[in-house]
Amino acid sequence: MADETPRKGNFSALVGHTNGLTKPASLAAAAVSSKPGGGGGSKKLVIKNFRDRPKLPDNYTQDTWQKLHEAVKAIQGSTSIRYNLEELYQAVENLCSHKVSPTLYKQLRQVCEDHVQAQILQFREDSLDSVLFLKKINTCWQDHCRQMIMIRSIFLFLDRTYVLQNSMLPSIWDMGLELFRNHIISDKMVQSKTIDGILLLIEQERNGEAVDRSLLRSLLSMLSDLQVYKDSFELKFLEETNCLYAAEGQRLMQEREVPEYLNHVSKRLEEEGDRVITYLDHSTQKPLIACVEKQLLGEHLTAILQKGLDHLLDENRVPDLTQMYQLFSRVKGGQQILLQHWSEYIKTFGTTIVINPEKDKDMVQDLLDFKDRVDHVIEVCFQRNEKFINLMKESFETFINKRPNKPAELIAKHVDSKLRAGNKEATDEELERILDKIMIIFRFIHGKDVFEAFYKKDLAKRLLVGKSASVDAEKSMLSKLKHECGAAFTSKLEGMFKDMELSKDIMIHFKQYMQNQSDPGSIDLTVNILTMGYWPTYTPMEVHLTPEMIKLQEVFKTFYLGKHSGRKLQWQTTLGHAVLKAEFKEGKKEFQVSLFQTLVLLMFNEGDGFSFEDIKVATGIEDSELRRTLQSLACGKARVLIKSPKGKEVEDGDKFIFNGDFKHKLFRIKINQIQMKETVEEQVSTTERVFQDRQYQIDAAIVRIMKMRKTLMDIHYQCKYPEFVLSSLIKDQLTLPSHQGSRGGPMSLNTEMPGDLKKRIESLIDRDYMERDKDNPNQYHYVA
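Right, let's walk through the structure included here. (Residues numbered from 1 in each chain as written. Predicted model: local features only at pLDDT ≥ 70, side-chain atom pairs only at ≥ 80, totals over all residues. Heavy atoms only, no water.)

**Remarks on the environment of Asp-281**
Inference 1: Along the chain, Asp-281 falls in the loop between helix H11 (258-278) and helix H12 (285-296).
Inference 2: Asp-281 sits 51 residues away from Lys-230 along the chain, and the two C-alpha atoms are 9.3 Å apart.
Inference 3: Sequence-distant contacts of Asp-281, defined by excluding residues within four places in its chain, comprise Ser-224, Tyr-229 and Val-276. (Helix = DSSP H or I, 4+ residues; strand = E, 2+ residues; numbered from the N terminus. Contact = heavy atoms within 4.5 Å.)

Below, the structure written as structure tokens:
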């Protein structure tokens, strides 16, 4: 038979107490049986379920709740709890295991609600000032949180079973938040006083006063936890912030200079960002910063730029410009309006450099300095923003062409000054950098054909008179121009270099030729053979050369034409130069002089003094050229001749005598060749030749277009003025392909308006290249 062995109950934690469970009358038994035929064999243990489910003792639920209620009250009253927390936790578990959970949850909620309702009374006092009231609210909230954490730890089993299984019920913690929100924070007086107090503290801090940030952090965290932050606080906070910064922006824009104002804006943005980090909810950051940016920046963008941008750029205030760019980049449309004012500044400032003829001497250097300054601003302040770079290029192109042709001429002159011998300003590397910078300015000019004409004229002088500082630098510049404008642009310039190289070879053969002559002569002659199409046009000047010179010319002519039949030589006396040996009382000297100076000085081998008229008749030099020549010999630093009467200008009737007492520390003296300096007439002549070349190109382009189209109305029959259509087509014909951002080739028609084209069309009609339609005067036909 089975033996009945007593077992312990399942609620051992409460055994021995008045509310403990009694032992069940009938316990589970273990059946032990032995194998048949064996008295001491192994036995089999069988475990069976309880015959009856354990029952709670009478009054257990009520007594246990009393203990739990007492514990909750002790927690809420901040007094000690008489019972062990583990014991209380087990009691909750026991109640939950016997279907008492709904009642237990309601009872707990009621106790918590009663306590929270009682707390509202302490906030009804009107005597409390703002800060004390906030501290009292904060203390109440902190106590409530601490109490709910403690209460939840005791009722954790209830929270994790019954509450978790009923989605409609808030957790014990959420229940505590709900009660605090409904009975305290939702109270109109309490909420109003709390929000107003918080806003007052923030306003005080914005005004520079020290406030309790930990109190603000705790209170705003409370509002966030209670889910009333956005509706009760944030909307009002942003509204007040908007008003504050709107008024502040208006006031400070009147009172402060732009750099100070921008510093203030940066400081305010930093402060508000710090508030978000320190005590505001993270969700407030975006609308708060947007509010500050709008009121302090967005509303004053144009005013800030009008008041301070030009001043900052004029003084190159890099840190302030950097700050302006960074702040404007934060605001919608800020960069765009900064771009517009940036462009206007470049155009205005650049125009003052280009448009004033009095500043022509320094124009190119001023442009280079301005470009460097602008590039530095883009690099450092505007973070290499492509929009600013592109608009800068457009602005430079706009203002530099407001004065047609002159910048192109002066850029060519500036290049000449850098490449000319005697320029000790720069090393080869520095010279290369200078040329690169000049090429950037060159890209912006439209009249590249004007540049070519003056550059070619100056290059010819450097090559023929040996004034070029460096052949490598010359060829580097040529390479840059070729890369920029194409081979057609530099073909003539390259031809000039080829002529100089060929001339060297010819002179080697000529010297060998002279050595085989019976009378080689005492003069060492060097001739440069120039191909007429490559070099600038020079006006021949007939002068009276010495018999020795004429003889040498004939010898060279015989030599050259013997090798190159069918060619014609034309001597350019204006480009000749010589080295003369002279004897003075002090000793022998050598003079490096022009051919005209040579002819004048050689006269004084025949006599000690001559009048202006005598020299003019003997040399055959043109009047103005002779005056400049005599001026260089008698009025300059090296006065080989003495003029009577004294004076800086050479007048009719002046007498000149040889200066036997001439002294100079150098053995070889270069007398300044005044005649090599470009006159106003030469400048005008060069410019006119450029315009003449343009007309030829335009005529050719019009003929090509008409030959292809036959009649202009085929492409634009409604156009009242066909010359406008031609203007567009001719630009396509004459503008060379651009290289590295260059805007067009050597010739630009920006200065050729339809009125100018009309003149060219009339010229072509007169020359029978095209004709006007008999019925429609606005229609043109090509004449085959």
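Resuming the write-up.
**Section: empty space enclosed by the protein**
Inference 1: Summed over all chains, the structure comprises two cavities of 30 Å³ or more.
Inference 2: The volume enclosed by the second largest cavity comes to roughly 30 Å³.
Inference 3: Considering the residues around the second largest cavity, the lining is formed by Gln-76, Cys-112, His-115, Val-116, His-144, Gln-147, Met-148 and Ile-151.
Inference 4: When contributions to the lining of the second largest cavity are tallied by element, the ones reaching two or more residues are helix H3 (101-119) and helix H4 (130-154).
Inference 5: At four residues, the largest contribution of residues to the lining of the second largest cavity is made by H4.
Inference 6: In terms of residue class, the lining of the second largest cavity is made up of four nonpolar, four polar and no charged. (1 Å grid on protein atoms, 1.4 Å probe; cavity = no way out; pocket = protein on both sides within 12 Å on 5 of 7 lines; lining within 4 Å. Points joined across faces, edges and corners; volume = space filled by probe spheres on them. Nonpolar A, V, L, I, M, F, W, Y, C, P; charged D, E, K, R; others polar.)

**Side note on helix H25 (residues 612-619)**
Inference 1: Taken together, the buried positions of H25 are Phe-612, Ile-615 and Thr-619. One face of H25 carries all of its buried residues, which in axial projection span an arc of 65°.
Inference 2: The inward-facing, buried residues of H25 contact helix H24 (595-603), strand S5 (609-611), helix H26 (623-634) and strand S7 (655-658). (Buried < 20%, exposed > 50% of the residue type's maximum accessible area, 1.4 Å probe, protein only. Arc of directions from axis to C-beta.)

**A few points about the pattern of salt bridges**
Think of it this way: side chains of opposite charge can pair up when their charged atoms draw near.
Inference 1: For the structure shown, the criterion picks out 41 salt bridges.
Inference 2: Between Glu-293 and Arg-330 there is a salt bridge whose closest N-O contact spans 2.7 Å. Of the two residues, Glu-293 is situated in helix H12 and Arg-330 in the loop between helix H14 (318-328) and helix H15 (334-355); the sequence distance between them amounts to 37 residues.
Inference 3: With a relative accessible area of 13%, Glu-293 lands in the buried category.
Inference 4: Between Lys-511 and Asp-524 there is a salt bridge, with the nearest N and O atoms lying 3.7 Å from each other. Taken together, the residues span a long stretch of sequence, with Lys-511 in helix H22 (residues 487-515) and Asp-524 in the loop between H22 and helix H23 (547-563) at a distance of 13 residues.
Inference 5: Relative accessible area serves as the criterion here: at 61%, Asp-524 is assigned to the exposed category.
Inference 6: Within the structure, one salt-bridge network assembled from shared partners comprises Glu-205, Arg-206, Arg-213, Glu-272, Asp-274 and Arg-275. (Salt bridge = Lys/Arg side-chain N within 4 Å of Asp/Glu carboxyl O.)

**Overview of H22**
Inference 1: The end-to-end C-alpha distance of H22, which contains 29 residues, comes to 41 Å, matching closely the 42 Å that a straight helix rising 1.5 Å per residue would cover.
Inference 2: At Leu-493, H22 shows its largest bend, some 30°. (Expected span 1.5 Å × (residues − 1). Bend = angle between axes of the 7 residues up to and from the residue.)

**Examining the packing of aromatic side chains**
Inference 1: For the coordinates displayed, the defined rule picks out 32 aromatic pairs.
Inference 2: Taken together, a centroid distance of 5.2 Å and an interplanar angle of 15° make the contact between Phe-233 and Phe-237 stacked. Taken as a pair, Phe-233 and Phe-237 lie in helix H10 (residues 229-255) at a separation of four residues, close to a single helical turn. Each of the two residues, Phe-233 as well as Phe-237, counts as buried.
Inference 3: Centre to centre, the rings of Phe-442 and Phe-489 are 6.2 Å apart; their planes meet at 55°, and the pair counts as tilted. Here Phe-489 lies in helix H22 and Phe-442 lies in helix H19 (residues 428-444), a separation of 47 residues in the sequence.
Inference 4: Since its relative accessible area comes to 2%, Phe-489 is described here as buried.
Inference 5: Put simply, the rings of Tyr-345, Phe-349, Phe-370, Phe-396, Phe-399 and Phe-444 pair up and form one aromatic cluster.
Inference 6: Lying across the ring of Phe-349, Arg-373 places its NZ or CZ 5.0 Å from the centre.
Inference 7: For Arg-462, the ring lying beneath its charged end belongs to Tyr-455, and the centroid distance is 5.6 Å. (Phe/Tyr/Trp six-rings, centres within 6.5 Å; stacked < 30°, edge-to-face > 60°. Lys NZ or Arg CZ within 6 Å of the ring centre and 35° of its normal.)

**Things to note about the packing of helix H8 (residues 188-206) against helix H9 (residues 213-225)**
Inference 1: Across the interface, H8 lies against H9 with an axial gap of 11 Å and an inter-helix angle of 140°. As far as their axial angle goes, H9 and H8 are oblique. Crossing hand, H8 versus H9: left-handed. In this structure, H8 contributes Thr-194, Ile-195, Ile-198, Leu-201, Ile-202 and Glu-205 to the contact, and H9 contributes Arg-213, Leu-215, Leu-216, Leu-219, Leu-220, Met-222 and Leu-223. (Axes fitted to C-alpha atoms, helices over the stretch in contact; angles between N-to-C directions. Parallel < 35°, antiparallel > 145°, perpendicular 65-115°, else oblique. Left-handed = near helix turned anticlockwise from the far one by under 90°.)

**Looking at the nonpolar core**
Inference 1: Counting residues in hydrophobic clusters, the biggest one holds 84 residues, and the most contacted among them are Met-324, Trp-342, Phe-451 and Tyr-455.
Inference 2: Among the elements that make up this core, the one with the highest residue count is helix H16 (residues 363-381) (nine residues).
Inference 3: Ignoring anything within four residues of it in the chain, the contact list for Trp-342 reads Leu-309, Leu-313, Val-374, Val-377, Ile-378, Phe-382, Phe-388 and Met-392.
Inference 4: Ranked by size, the runner-up nonpolar core spans 64 residues in total, among them Ala-71, Ile-120, Phe-233 and Val-276. (Core = buried A, V, L, I, M, F, W, Y, C linked by side-chain atoms within 4.5 Å.)

**Some details on the environment of Leu-313**
Inference 1: Inspection of the secondary structure assignment puts Leu-313 in helix H13 (residues 301-314).
Inference 2: In the structure, Leu-313 is positioned 32 residues away from Tyr-345 in sequence and 8.5 Å away in space, judged by C-alpha atoms.
Inference 3: Each residue touching Leu-313, except ones within four places of it in the same chain, is listed here: Leu-321, Trp-342, Tyr-345, Arg-373 and Val-377.

**As for the side chain of Thr-546**
Inference 1: Considering the arrangement of structural elements, one finds Thr-546 in the loop between H22 and H23.
Inference 2: In this view, Thr-546 contacts Leu-599 and Leu-602; residues no more than four positions away in its chain are not counted.

**Overview of the state of the cysteines**
Inference 1: As enumerated under the stated definition, the model contains zero disulfides in all.
Inference 2: For the unlinked cysteine Cys-243, the closest cysteine sulfur is that of Cys-291, found at 8.6 Å. (Disulfide = S-S within 2.5 Å.)

**Digging into a negative patch on the surface**
Inference 1: A cluster of acidic side chains, namely Glu-203, Glu-209, Glu-239 and Glu-240, defines a negative patch on the protein surface.
Inference 2: Considering the arrangement of structural elements, one finds Glu-203 in helix H8.
Inference 3: A relative accessible area of 42% places Glu-203 in the partly exposed class. (Patch = residues over 30% accessible without salt bridge, like charges linked within 9 Å, V, L, I, M, F, W, Y side chains within 5 Å. Areas by Shrake-Rupley, 256 points an atom, 1.4 Å probe, with all protein chains shown as cover. Lys, Arg positive; Asp, Glu negative; His and termini not counted. Charge placed at Lys NZ, Arg CZ, Asp CG, Glu CD.)

In short, the description is geometric, and any link to function would need to be established separately.
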